[in-house]
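What follows is each chain in one-letter form.
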There are 2 protein chains.
Amino acid sequence: MEIQDNEVHSSLWCGWIRALLERFNANIVEFARETKNLGQEDPRRIIHSLKVGLAITLISLFYYFEPLYDGFGVSAMWAVMTVVSVFELSVGATLSRGVNRAVATFLSATLAFGAHHLAVLSGEESEPVFIGLFVFLIAGMVTFARFFPRMKERYDYGLLIFILTFCLISVSGYRDDEVLDMVYSRISTIVIGGLTAVIVCVGICPVWAGDDLSKLVAANIEKLGVFLEGFGVEVFRLSGEGESRKAASLQGFESIIDTITEEESLANFARWEPGHGPFRIRLPWKQYLKIGSLTRECDCRIESLNGYLSYGIQTPPEIGGKIQELSTKMSTESGKALKELDLAIRTTTAPSSAGIYIIKSKNATENIKSLFNSTLSKDTPPQEIVLATTVISLLVDVVSCTEKIAESVYVLASHARFKSEEHQPERPKSPDEEAPKQGDSIISISHQVITV
Amino acid sequence: MEIQDNEVHSSLWCGWIRALLERFNANIVEFARETKNLGQEDPRRIIHSLKVGLAITLISLFYYFEPLYDGFGVSAMWAVMTVVSVFELSVGATLSRGVNRAVATFLSATLAFGAHHLAVLSGEESEPVFIGLFVFLIAGMVTFARFFPRMKERYDYGLLIFILTFCLISVSGYRDDEVLDMVYSRISTIVIGGLTAVIVCVGICPVWAGDDLSKLVAANIEKLGVFLEGFGVEVFRLSGEGESRKAASLQGFESIIDTITEEESLANFARWEPGHGPFRIRLPWKQYLKIGSLTRECDCRIESLNGYLSYGIQTPPEIGGKIQELSTKMSTESGKALKELDLAIRTTTAPSSAGIYIIKSKNATENIKSLFNSTLSKDTPPQEIVLATTVISLLVDVVSCTEKIAESVYVLASHARFKSEEHQPERPKSPDEEAPKQGDSIISISHQVITV
């Protein structure tokens, strides 16, 4: 009996341990998979981690071997802290935090030294009262300053460091000359730490927030372009067949509205970056933000459009073919224009044929307008064109949004001095490519009001 | 001559100084105005600034009078630093940072103590090599961990503090017992600083991120409701009169897409907050985010709709009056429903009549559908209904979006146990209010597909 009991027990234990090990293994595998994905998605993450490790090790060992001031305490710590809290993925973010930290420390330390001196002058009894008052006033006022939108955007970290430094120095309670020493050591260690972070960040495979911003804006434009190309082909062909047969390019349509957060933070870092790589001057991040916001506006219209893919869209038989041809043209040509703009932003090359595509889609718009005004006979039952009309009206909106995006990209290309088209790799010309009409410049046709 | 020259000089100087003073004065006035606005807009900002001042003064003076450990150095600093960097506007943000900082310091200090011990055991010569290796590995790995979305969302600050503490302790280069002292003093000062911050933050006029999230979501719903009420009245009446006569409620329509950033960060803080005030349980922040995202979807449709306000919208004379009446009803009833939902979220009361409004606007949708299918004769020239059709199709989309929002708010009301309607202040009943049809529950009618 006892042996049997033991056997039961041990088999229960075995099962339990095996289950635990299996779950543990599954977790490890899952974790490894996720880690691999993160690294493969963007190998700069791995490089960044190694860079941070390197910078911190450098500064740590420097102080480990040469404690420049009196022992570990204040000095080494500030340098290590500065590297840890200043080093960010992109150059812009690192510069922004580094400059904020250095300037705030300098200003605040100067002010704190003055305040400390004043408090000491006031006599031993009233000293703590004065110090308490100063700390309260400065902490309160600077905290309030963090609510100013302009300050919050660029100098939030600096303001935090300002409060911190002021409090640390004014409550130190030492004699004046010691405080001066402390001010000096704090500023110099922060400069050393900040420089280490900036040098490693810029020196080894730098990541520019401006490049990421440009890629993100381009990717969003591309998504819309791919959708429109697919939509043009599918929308009227699909009539009545429902969701199941959507083209692959339409299945994956995801809203790009969520990218606004990332775009804004990248633009905020990009403004700190000097000219680099293809950008001989500083990146015109405001123009990128403008393009991003126009793209989201277009995305809004496209989401409305997307809702109509699942309806069976009827067209009156006598002009159905013509409507289909023209609206397909409106959609696909806009799609091509967007893809061309995407390429232009990605390769920082002035867009060459986006204007032609837009003119073609605008011509299709004009044609569909006159089709509705002339060809539609009194015999067309209105019910037959209700949905087609809605889809076409939305398409007209999309075409005009596309045009606005194109205009902004042309402005960007001239601001950021994109390479001109001569240097662009030859693009295979499709046989049905029409020459643009004379005088139909993308800018000149931009303010026409289009009504179906 | 000399006198004249001097006069000219002095008058130039006077002018210059006066101009400078005037500009300075203008800046001061502008700054004062902006400060006043910031304070008036949200008086909690002033209270928060005073709270931060108070907390920092308390902790500073505490250490000023009683330097608990050996001198100023390590100990007082950590407490002050903790208060400065943990204290945020909302309770959730403060708790999140406080808990992150405390837990990360504890875990990291333990690990660093072990690493330091190991390095010392390895002998005097290889000690720096081991320490450098540990620092490099930990800094690199934890930096990489910050890229995991789940970690970034909740524990980013903790991971930063983990690296910081590990480096500071492992490079300290002292003997084991001194390191143990240091670990102890660092942890205890951080706990004291964190507690001070949390107590002041929660104890004096606490600001709950959950409340702000709820207000923001409600305000967005309200904006759409106000627009739809105005739109319903204006859209067909305005025919041909252009932008100039838009109702006031339509002039101010601003996109709510930008609020996504704020919504996400508030939700991220709200998840750290315990139940409070009207929320006997923790705030269902995920449901708020869902409502927010549905509201933005609806906003997208409404922006498309907004574009049609400037067109002159023709309706065929024989059914124009009917179309106008029904589409006005669709729009205004949806608007009323949204305003009711806004009120429900604001007052944490289960919405009472939103369902009725939605049923009314859905009935109007059904009626307009049959109007198009039956009443429109073959004599209606299709051009006349092109724009009206588009506007109505978009309105149908908006009605169905409104319904989705309403459903989510009903789910929220049951999850968050909103007060039931009995406790709600009596709402004046408008004379044209119909009773809902039997069985027309908001949930049961939710999955009908609407086509015009």
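Residues numbered from 1 in each chain as written. Chains lettered and ligands numbered in written order. Predicted model: local features only at pLDDT ≥ 70, side-chain atom pairs only at ≥ 80, totals over all residues. Heavy atoms only, no water.

Focus on the overall build of chain A
(1) Moving on: Along its length, chain A carries 14 helices and zero strands.
(2) Moving on: Moving toward the C terminus, one meets the helices and strands of chain A in the order α-α-α-α-α-α-α-α-α-α-α-α-α-α.
(3) Moving on: A separation threshold of at least 6 residues defines the contact pool for chain A, and within that pool the share at least 24 residues apart is 83%.
(4) Moving on: Summed over all atoms, the accessible surface of chain A reaches about 20,900 Å², with 60% contributed by carbon and sulfur. (Helix = DSSP H or I, 4+ residues; strand = E, 2+ residues; numbered from the N terminus. Contact = heavy atoms within 4.5 Å. Areas by Shrake-Rupley, 256 points an atom, 1.4 Å probe, with all protein chains shown as cover.)

Here we look at the state of the cysteines
(1) Moving on: In this structure the tally under the stated criterion is one disulfide over all chains.
(2) Moving on: Two residues share a disulfide in this structure: cysteine 300 of chain A and cysteine 300 of chain B, whose sulfurs sit 2.1 Å from each other. Taken together, the positions of cysteine 300 of chain A in helix α11 (residues 285-306) and cysteine 300 of chain B in helix α11 (residues 285-306) put the pair across two chains. For the pair cysteine 300 of chain A and cysteine 300 of chain B, a shared accessibility class is recorded, and that class is buried.
(3) Moving on: Here cysteine 298 of chain A is not disulfide-linked; the sulfur of cysteine 401 of chain A is the nearest cysteine sulfur, at 4.6 Å.
(4) Moving on: Overall, the relative accessible area of 0% leaves cysteine 298 of chain A in the buried class. (Disulfide = S-S within 2.5 Å. Buried < 20%, exposed > 50% of the residue type's maximum accessible area, 1.4 Å probe, protein only.)

Quick look at a nonpolar patch on the surface
(1) Moving on: Judged by side-chain polarity, Trp13, Trp16, Ile17, Leu20 and Leu21 of chain A come together as a nonpolar surface patch covering roughly 570 Å² of accessible area.
(2) Moving on: As for its placement among the helices and strands, tryptophan 16 of chain A is situated in helix α1 (residues 2-41). (Patch = residues over 30% accessible without salt bridge, like charges linked within 9 Å, V, L, I, M, F, W, Y side chains within 5 Å. Salt bridge = Lys/Arg side-chain N within 4 Å of Asp/Glu carboxyl O.)

Quick word on the UniProt feature "transmembrane region" (unreviewed entry) in chain A
(1) Moving on: Mapped onto this structure's residue numbering, the UniProt feature "transmembrane region" (unreviewed entry) falls at residues 46-65, 71-91, 103-123, 129-148, 155-175 and 187-209 of chain A.
(2) Moving on: In residues 103-123 of chain A, the share of helix is 90% and the share of strand is 0%. The end C-alpha atoms are 31 Å apart. (UniProt positions renumbered as here; feature names shortened; annotations may be inferred.)

Focus on helix α10 (residues 260-270) of chain B
Along an α-helix, a turn takes 3.6 residues, which lines up residues three or four apart on a common side.
(1) Moving on: Regarding α10 of chain B, the residues found buried are Ile260, Glu263, Leu266, Ala267 and Ala270 of chain B. Seen from one end, α10 of chain B has its buried residues packed into an arc of 130°, which puts them on one side.
(2) Moving on: In the core, the buried residues of α10 of chain B are packed alongside α10 (260-270) of chain A together with α8 (209-234) and α11 of chain B. (Arc of directions from axis to C-beta.)

Examining the packing of helix α4 (residues 91-121) of chain B against helix α5 (residues 127-145) of chain B
Residue and element names in this part refer to chain B.
(1) Moving on: Relative orientation of the contacting elements α4 and α5 amounts to 150°, with a least axis distance of 8 Å. Relative to α5, the element α4 lies roughly antiparallel. In this structure, the crossing between α4 and α5 has a hand that is right-handed. Of the residues in α5, those touching α4 at Leu111, Ala115, Leu118, Ala119 and Val120 are Glu127, Phe130, Ile131, Phe134 and Ile138.
(2) Moving on: Considered class by class, the residues forming the contact of α4 with α5 number nine nonpolar, no polar and one charged. (Axes fitted to C-alpha atoms, helices over the stretch in contact; angles between N-to-C directions. Parallel < 35°, antiparallel > 145°, perpendicular 65-115°, else oblique. Left-handed = near helix turned anticlockwise from the far one by under 90°. Nonpolar A, V, L, I, M, F, W, Y, C, P; charged D, E, K, R; others polar.)

Considerations on the pattern of salt bridges
All names here are of chain A.
(1) Moving on: Summed over the entire model, instances satisfying the criterion amount to 36 salt bridges over all chains.
(2) Moving on: In this structure, arginine 346 engages glutamate 222 in a salt bridge whose closest nitrogen and oxygen atoms are separated by 3.0 Å. Taken as a pair, arginine 346 in helix α12 (residues 317-347) and glutamate 222 in helix α8 (residues 209-234) lie far apart in primary sequence, 124 residues in all.
(3) Moving on: Classification of arginine 346 by relative accessible area gives partly exposed; the value is 39%.
(4) Moving on: The salt bridge involving lysine 336 is made with glutamate 333; its shortest N-O contact spans 3.5 Å. In this pair, lysine 336 and glutamate 333 both sit in helix α12, three residues apart, roughly one turn of the helix.
(5) Moving on: On the basis of relative accessible area, lysine 336 is assigned to the partly exposed category, the value being 25%.
(6) Moving on: Here the residues in one salt-bridge network are Asp42, Arg44 and Asp212, joined through shared partners.

Focus: the packing of α5 of chain B against helix α6 (residues 149-170) of chain B
All names here are of chain B.
(1) Moving on: Axis separation between α5 and α6 bottoms out at 9 Å; the angle between their running directions is 170°. The angle between α5 and α6 places the two elements in the roughly antiparallel class. Touching Ile131, Phe134, Val135, Ile138, Ala139, Val142, Thr143 and Ala145 of α5 are Met151, Leu159, Phe162, Ile163, Phe166, Cys167 and Ser170, all from α6.
(2) Moving on: Among the residues making up the contact of α5 with α6, the classes are represented as 13 nonpolar, two polar and no charged.

So, the side chain of arginine 45 of chain A
(1) Moving on: Counting through the fold element by element, arginine 45 of chain A comes out in helix α2 (residues 44-65).
(2) Moving on: Separated by 3.0 Å, the side chain of arginine 45 of chain A and the backbone oxygen of leucine 38 of chain A make a polar contact.
(3) Moving on: Setting aside chain neighbours within four positions, we find arginine 45 of chain A in contact with Leu38 of chain A together with Phe144 and Phe147 of chain B. (Polar contact = N/O pair within 3.5 Å; in protein donor to acceptor, adjacent residues only side chain to side chain.)

Let's talk about the side chain of asparagine 220 of chain A
All names here are of chain A.
(1) Moving on: Within the element layout of this structure, asparagine 220 appears in helix α8.
(2) Moving on: Note on asparagine 220: relative accessible area 3%, which makes it buried.
(3) Moving on: Side chain to side chain, asparagine 220 and threonine 259 meet in a polar contact 3.1 Å long.
(4) Moving on: Filtering out sequence-adjacent residues up to four positions away, asparagine 220 remains in contact with Ile256, Thr259, Glu263 and Thr295.

Description of the domain arrangement of chain A
All names here are of chain A.
(1) Moving on: When cut into domains, chain A gives domain 1 (46-203) and domain 2 (209-422 + 431-451).
(2) Moving on: Every contact between the two is made by 11 residues of domain 1 and, on the other side, seven residues of domain 2.
(3) Moving on: Here domain 1 packs against domain 2, burying approximately 820 Å² in sum over the two surfaces, 62% of which is carbon and sulfur.
(4) Moving on: Joining domain 1 to domain 2, the criterion identifies one salt bridge.
(5) Moving on: Salt-bridge contacts for arginine 271 lead to glutamate 153; the nearest nitrogen and oxygen are separated by 3.3 Å.
(6) Moving on: The interface formed by domain 1 and domain 2 holds three residue pairs in polar contact (both at pLDDT 80 or more) in total.
(7) Moving on: Counting only elements with at least two residues in the side of domain 1 that touches domain 2, the list comes to α4 (91-121) and α6 (149-170).
(8) Moving on: In the side of domain 1 that touches domain 2, the residues fall into five nonpolar, four polar and two charged. (Domains from an automatic or database assignment. Buried area = accessible area lost by both parts, 1.4 Å probe.)

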